[in-house]
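Coordinates in review
Chain by chain, the residues run as shown.
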Amino acid sequence: MVVLQASEPIVDTRRVSAAVAAAGLSSFALLYAPQPVLPQLAAAYGLDPGSASLAIGVATASLAVAVLPLAWLAGVAGRRRVILWSVVVSAVIGLLLPLAPSFPVFLVMRGVQGVAIAGFAGVAAAYLADQVGTARLAGAVGAMIAGNSVGGMLGRLGAGFAADPLGWHGALVAVAGVALVCALFTAATLPRGAAGGHRTPSREAGAQDGTPTQDRARTQDGAGTRDGAGTPGGGVRLGVGLVAPFAVGALAMGAFVALYNAAGFRLAAPPLSLTPAAASLVFLSYAMGTASSAAAGRLATRLGRTPALVAALVVTVAGAALTAHPSLPVIAAGFAVLTAGFFAAHAIANAWVTADAPPPARGRAAGVYTLCYYLGSGAGGTAGAVVYGHAGWTWLIVMTSAWLLLAALAVLVTRRRRTAP
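Residues numbered from 1 in each chain as written. Predicted model: local features only at pLDDT ≥ 70, side-chain atom pairs only at ≥ 80, totals over all residues. Heavy atoms only, no water.

Observations regarding helix α4 (residues 54-77)
In a regular helix each residue adds 1.5 Å, so 24 residues correspond to 34 Å; α4 covers 32 Å between its end C-alpha atoms and thus fits that length. Of all bends in α4, the biggest is about 40 degrees, found at V67, and the proline P69 comes one to four residues later. Looking at the residues trailing α4, positive phi occurs at G78, about 110 degrees. (Helix = DSSP H or I, 4+ residues; strand = E, 2+ residues; numbered from the N terminus. Expected span 1.5 Å × (residues − 1). Bend = angle between axes of the 7 residues up to and from the residue.)

Observations regarding the packing of helix α11 (residues 286-303) against helix α13 (residues 328-356)
Across the interface, α11 lies against α13 with an axial gap of 7 Å and an inter-helix angle of 40 degrees. One way to sum up the angle between α11 and α13 is to call them oblique. Where α11 crosses over α13, the handedness of that crossing is right-handed. Contacts from Y286, M288, G289, S292, S293, A296 and A300 of α11 reach α13 at A336, T339, A340, F343, A344, A347 and I348. Residue composition of the contact of α11 with α13, by class: 10 nonpolar, 4 polar and no charged. (Axes fitted to C-alpha atoms, helices over the stretch in contact; angles between N-to-C directions. Parallel < 35°, antiparallel > 145°, perpendicular 65-115°, else oblique. Left-handed = near helix turned anticlockwise from the far one by under 90°. Contact = heavy atoms within 4.5 Å. Nonpolar A, V, L, I, M, F, W, Y, C, P; charged D, E, K, R; others polar.)

Description of the packing of aromatic side chains
All chains considered together, the criterion is met by 14 aromatic pairs. On the numbers, 5.5 Å between centres and 50 degrees between planes, the contact of Y45 with F103 is tilted. With Y45 in helix α2 (residues 38-45) and F103 in helix α6 (residues 103-121), this residue pair connects regions lying 58 residues apart in the sequence. Just as Y45 is buried, F103 falls in that class too. Look at Y45 and W168: their rings are 5.9 Å apart centre to centre, the planes differ by 55 degrees, and that puts the pair in the tilted class. Of the two residues, Y45 sits in helix α2 while W168 sits in helix α8 (residues 137-189), which places them 123 residues apart along the sequence. (Phe/Tyr/Trp six-rings, centres within 6.5 Å; stacked < 30°, edge-to-face > 60°. Buried < 20%, exposed > 50% of the residue type's maximum accessible area, 1.4 Å probe, protein only.)

Digging into the side chain of S401
Mapping S401 onto the fold places it in helix α15 (residues 393-419). Excluding residues within four positions of it along the chain, S401 makes contact with V317 and A320.

Remarks on the nonpolar core
Of all hydrophobic cores here, the largest spans 97 residues; its most connected members are V20 and M144. With 14 residues, helix α9 (residues 243-268) is the largest single contributor of residues to this core. Each residue touching V20, except ones within four places of it in the same chain, is listed here: F120, A124, Y127, L128, M144 and L190. Counting 21 residues, the second largest nonpolar core, distinct from the first, contains A159, A162, A163 and L172. (Core = buried A, V, L, I, M, F, W, Y, C linked by side-chain atoms within 4.5 Å.)

Some thoughts on a nonpolar patch on the surface
Nonpolar side chains collect at one region of the surface, where V88, V92, L95, L96, L99 and V173 lie side by side and expose about 450 Å² of accessible area between them. With 4 residues, the top contributor of residues to the nonpolar patch is helix α5 (residues 79-96). Its location among the elements puts L96 in helix α5. (Patch = residues over 30% accessible without salt bridge, like charges linked within 9 Å, V, L, I, M, F, W, Y side chains within 5 Å. Areas by Shrake-Rupley, 256 points an atom, 1.4 Å probe, with all protein chains shown as cover. Salt bridge = Lys/Arg side-chain N within 4 Å of Asp/Glu carboxyl O.)

The structure is reproduced here in structure tokens:
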């Protein structure tokens, strides 16, 4: 039996949230910076568009593959240390990317950069759980995801607008320079551990002798509770209760990326016929994601986790449906709505994983969620492009809406299982 003697670590939540948000901004600006300059990359290296798009695909794929190993490494070496190495190494690689003498070398560097970014993506939520405790976790995770969304938006827009005067080389350097500043801010402000410490559960060692034994918190270098004694997850099972947020991460991200991957093609095609620069302004919708992810914690506290998550997914479906309208203002509104709904759902699902996972397995649970998230991104984005190319935008909305509703169903089924006697 476990007897809780005290609850949460005592830390400056605003400081932790700001440091992790800056790390997220740095990581995701770097991850997506090449997207708006893919045509320039293709011209520079003599590529077709499909080959040039590997500049994004290689990085996201390597991120997904590296998430779980780095989550385990963080349980051994310390989560703070892994986060710091992640943001610094990825920013330095970003500065070196324009020096790549050939496209294969460029792709190798992007692959290494994706692995480095995985150190932040797979560890940050578990680090926040260690630092701020479950009571304040939803708000802190919301701030982190807000930083992620700002980074994704600024990386795309910054590189796109800088490419005209500076070329693609200067555009990538500009984004990497901003990312390095954010990384240095994170290094200066990220706490080494809970300020003041916290007590941990005591375990009564069996019913026969009743002798209590005290678990010791492992907080070296901000690692919090480690993921087992030298083995990934320490043999602790994650439980079926986490299937729902994993499903949300995969299905919702797949739908979101599918819609955004095809958006440029639809906006550039008749009757809209927007220029590439004008079509790229659709990424301004990420500002709605920044606001909604930051507010998701308050929404979950007010409505309850399950109703808030289902509501966010339904809002995403409604936004996707609005984009079927032929009017450009309605399409823009649809992207704003679906972006707000998706990032709220992502924030709530991410906090769900780290709050419900057993403390020894938090890093592994966060890694599995991030793995599902980016596998959904790759598979969903590819499937969406295929459906759009063969059947058009309406069928793409039908497919992505089905994924989102399936995710909502998984959440409701999980709630029913948890509340059943």
